[in-house]
Amino acid sequence: MTSWAYWAELVELYEYRVADVLAGRVPRGGRRALSELRDLLLGAGLEPALQRRLLESDRRYRTRRGEDGPAAVRPEGRPGGPPAPAWSAPAAGDSPETRAWEELRRLAWHADLRVRAAGRTRPLWGEPGRLGLRVLYAALENAERAARGVAEPLVVPAEHDPLVSLHDPEVARGLAGALADALLTPAGRARVQAALWAVHDAPFPRHPDEDLLAARIEAAEREPLAPGARAALAQALRAAHPAVRDPRERPAIRAAARGLLTLLAELLEDAPAPALGALPARSVLYAAHAAAALPAPDDRADDLAVHLAGGREARWRGLHLRWQPVGPHWQFQAGGELALLQPHLPPTERAWTLPTPQGPLSVSLSGDYALLRLGTGDGVDPGHLAARARAVARLLDPGGQHANLRLARAAAQHLRGGQVDAATLGPRSAERYAGASQETLLTLARKGVDALISRLARLTPVEAEAALRDCAAALGLSAQRALALHDVLHAATFTPEPLPAPSSAPSLDVPGSGAFVSVRLGKSPVTLQVRNRGLSVSRDAGGSAVAALPGQPALPLHDLLVLPLPGAQVLLVRQGSWVAAAVEPLGTPGEAVP
């Protein structure tokens, strides 16, 4: 029995047992069996169709029972403290719950803003003279001075000002973070905008000593001195005064300030509006007031707000979440990842990110309330990336004159509604791949997999398998090869790889079984032992991840990378600091090697 059929039968059994309860009968197997089956299914990573059936039956079951929250996860007070307060109508207007709701929305927006600000300011690094970064530096410094009540503004620093060091990538990245932090509050946004307009109006104000210097130089030129002595005196006078900035730089500074004001407007387009004391109904899990209480986590939602003091665990989007108080803090766990949530930290520091198999989980905190958001970076979580990497590796297998890559191209022609051009996709067509670089082949295979899974997703598995068999027959390839390619493409489309929680060890063995291992990439390089070779994964000077096998050049590790080995390939996927690796042997399963 396939995995899908197994879970389909369990969901159907749950539907039958819920129907028994709704009809007033004892469910078959008893109520304990129903509860155990329910817990099993809610914790399983079901396919979307089965998940929808499960949630619909579970909604009817909870409605019948009159539950206000997930069964087996009941609200309770802090250990050793008073019980959780009884639910009542929400307080009108301002209340701790509405204030927390508003701050959580603002903090979650700020966490996303930091990422967007880093991406949008990155092009400023390569500008001539780094003028945009210099203007941004002056504006942020002056906004901070205004917040402290300091009246004297900072002028735009010169290109090679040693006190600024904007050529350092770490300093430039810190500037993007400082911009996001300054935009967190409406008052901060107003100060940054005012500072940019001030730079625009007066790029570098006239220094008060400029008139004095001009008068002294004019007087020196009237002295009865030899021309050489007069020039030396003027040079000495200039050296004793602050350097005068080139007035021709003013238009460029004003243009940079206008560009940053436009960027600011774009970054603030989706800034959350004030909640005005309103808390949406059914919006907070374990909420203190019934009208705001979310009966159960919604797996279709992008985020989940939780009143931590009202419960201890939840299951959401395939994640088992647990938390408990530790003094004034909260210990929060998602799968095997832990974070200590500290309510006393400044708002800009009350956000944490935990790597999970479903993607990075961001947690924002306001008092006893947390907002969870499950991000997927470019839209693909690590488990799906790993499954996609296997499909890419299958296309990169050079066996049979790159038979898998030729078959994929034929399938793309067929699924677009065209005829398979067997003459141009024969073995001789693979000669073009022999001299291609690994990066070129990887790009070609990646595009092929992305195109195929988008089209195969519209077909049933039977239709997709038949299409690949027909294409293989047209190219004189075996049905086993078509079936093997279909299996990895189907997995890349629907079934994420099970990935373990990342290790923090500096070195890790990658097993020959083909299973993935995970490691967390920090500032120091990580060594992956692959078939008696040390594969190094590290960050380059710009902070980007790279991977290198001994004797080979380092290649960028964006989200997916496949490296060749004798008789095998190394599969690497990355999301943020999470790196997963596996070894895939060459050859098509079920087909004899010629």
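Predicted model only: the values in this text are computed from it and were never measured.

### Describing the pattern of salt bridges
And step 1. Counted under the stated rule, the structure contains 16 salt bridges.
And step 2. Between Arg 114 and Asp 181 there is a salt bridge, with the nearest N and O atoms lying 2.7 Å from each other. In this pair, Arg 114 is assigned in helix 4 (residues 96–121) and Asp 181 in helix 6 (residues 169–182), connecting sequence segments 67 residues apart.
And step 3. On the basis of relative accessible area, Arg 114 is assigned to the partly exposed category, the value being 36%.
And step 4. The partly exposed category is assigned to Asp 181, whose relative accessible area is 28%.
And step 5. A salt bridge links Asp 450 to Arg 446, with the shortest nitrogen-to-oxygen separation between them at 3.6 Å. Placement of the pair is Asp 450 and Arg 446 together in helix 14 (residues 438–456), with a separation of four residues, close to one helical turn.
And step 6. Given a relative accessible area of 18%, Arg 446 falls into the buried group.
And step 7. Several salt bridges share partner residues, and in doing so they unite Arg 388, Arg 446, Asp 450 and Asp 559 into one network.

### Some points on the sheet that holds strand 6 (residues 329–334)
And step 1. Pairing is antiparallel across the open sheet formed by four strands, whose spatial order is 4-5-6-7. The open sheet has two edge strands, strand 4 (313–316) and strand 7 (337–341), and neither has a second partner. Each strand of the sheet is rotated relative to its neighbour by a mean of 20°, with strand direction disregarded.

### Focus on unusual backbone geometry
A negative phi angle is the norm for most residues apart from glycine, just as the trans form is the norm for most peptide bonds.
And step 1. Backbone geometry at Gln 401 places phi at a positive 55°, although glycine is not the residue there.
And step 2. The topology assignment puts Gln 401 in helix 12 (residues 399–415).
And step 3. Not every positive phi belongs to a glycine, and Arg 531 is a case in point at roughly 50°.
And step 4. Secondary-structure assignment places Arg 531 in the loop between strand 13 (526–530) and strand 14 (533–539).

### Let's talk about the nonpolar core
Nonpolar side chains in soluble globular proteins generally cluster together in the buried interior.
And step 1. Within the largest apolar cluster, 69 residues are counted, with the highest numbers of intra-cluster contacts made by Leu 489, Leu 528, Leu 535, Leu 563 and Leu 572.
And step 2. Sorting elements by how many residues they give to this core places helix 11 (residues 382–396) first, with eight residues.
And step 3. Apart from residues lying up to four places away in sequence, Leu 563 is in contact with Gln 438, Leu 535, Ala 547, Leu 549, Leu 555, Gln 569, Val 570 and Leu 572.

### Some thoughts on the packing of aromatic side chains
A ring pair, where both rings are aromatic, is described by two values, the distance of the centres and the angle of the planes.
And step 1. Throughout the structure, instances matching the rule amount to two aromatic pairs.
And step 2. With centroids separated by 6.2 Å and ring planes inclined at 10°, the aromatic side chains of Trp 323 and Phe 332 adopt a geometry described as stacked. Neither Trp 323 nor Phe 332 differs from the other in exposure class; each is buried.
And step 3. Three or more aromatic residues link up through ring pairs in this structure, and these residues are Tyr 286, Trp 323 and Phe 332.
And step 4. It is Arg 317 that lies over the ring of Trp 316; its NZ or CZ is 5.7 Å from the centre.

### Focus: the side chain of Gln 413
And step 1. Counting through the fold element by element, Gln 413 comes out in helix 12.
And step 2. Once residues within four sequence positions are removed from consideration, Gln 413 is found in contact with Gly 418, Gln 419, Val 420, Asp 421 and Leu 425.

### Description of the sheet that holds strand 10 (residues 369–374)
And step 1. The mixed open sheet is built from six strands, whose spatial order is 2-1-3-10-9-8. Only two strands of the sheet have a single partner each, and these edge strands are strand 2 (293–294) and strand 8 (351–356).
And step 2. Here six bridges tie strand 9 (residues 359–366) to strand 10, and the two strands are oriented antiparallel to one another. Pairing of Leu 361 across the sheet is with Leu 374, part of strand 10.
And step 3. Where helix 4 meets the sheet, its contacts fall on strand 1 (284–285), strand 3 (303–307), strand 9 and strand 10, and the angle it forms with strand 10 comes to roughly 30°.

### Comments concerning the confidence of the model for the chain
And step 1. Taken residue by residue, the chain gives an average pLDDT of 80. The fraction at 70 or more is 81%.
And step 2. Taken element by element, the chain is modelled with least confidence in helix 8 (residues 209–221), mean pLDDT 62, and with most confidence in strand 6, mean pLDDT 94.
And step 3. Confidence drops under a pLDDT of 50 for residues 66–93, and excluding neighbours within four residues, the segment shows 59 contacts in the predicted structure.

### Here's the deal with the pairing of strand 15 (residues 545–548)
And step 1. Side chains of strand 15 alternate between two faces, with Ala 545 and Ala 547 and Val 546 and Ala 548 buried alike.
And step 2. Sheet analysis places strand 14 next to strand 15, joined by four bridges and oriented antiparallel. From the neighbouring strand, Val 537 faces strand 15, where its bridge partner is Ala 547.
And step 3. With two bridges connecting them, strand 15 and strand 16 (residues 555–556) associate as antiparallel partners. Its bridge partner lying in strand 16, Val 546 is registered against Pro 556.
And step 4. Between strand 15 and strand 16, which pair antiparallel and follow one another directly, the connecting turn spans six residues, one of which, Gly 551, has a positive phi of 80°.

Scoring rules and cut-offs
Residues numbered from 1 in each chain as written. Predicted model: local features only at pLDDT ≥ 70, side-chain atom pairs only at ≥ 80, totals over all residues. Heavy atoms only, no water. Salt bridge = Lys/Arg side-chain N within 4 Å of Asp/Glu carboxyl O. Helix = DSSP H or I, 4+ residues; strand = E, 2+ residues; numbered from the N terminus. Buried < 20%, exposed > 50% of the residue type's maximum accessible area, 1.4 Å probe, protein only. Pairing = 2+ DSSP bridges. Axes fitted to C-alpha atoms, helices over the stretch in contact; angles between N-to-C directions. Core = buried A, V, L, I, M, F, W, Y, C linked by side-chain atoms within 4.5 Å. Contact = heavy atoms within 4.5 Å. Phe/Tyr/Trp six-rings, centres within 6.5 Å; stacked < 30°, edge-to-face > 60°. Lys NZ or Arg CZ within 6 Å of the ring centre and 35° of its normal. pLDDT = per-residue confidence, 0-100.

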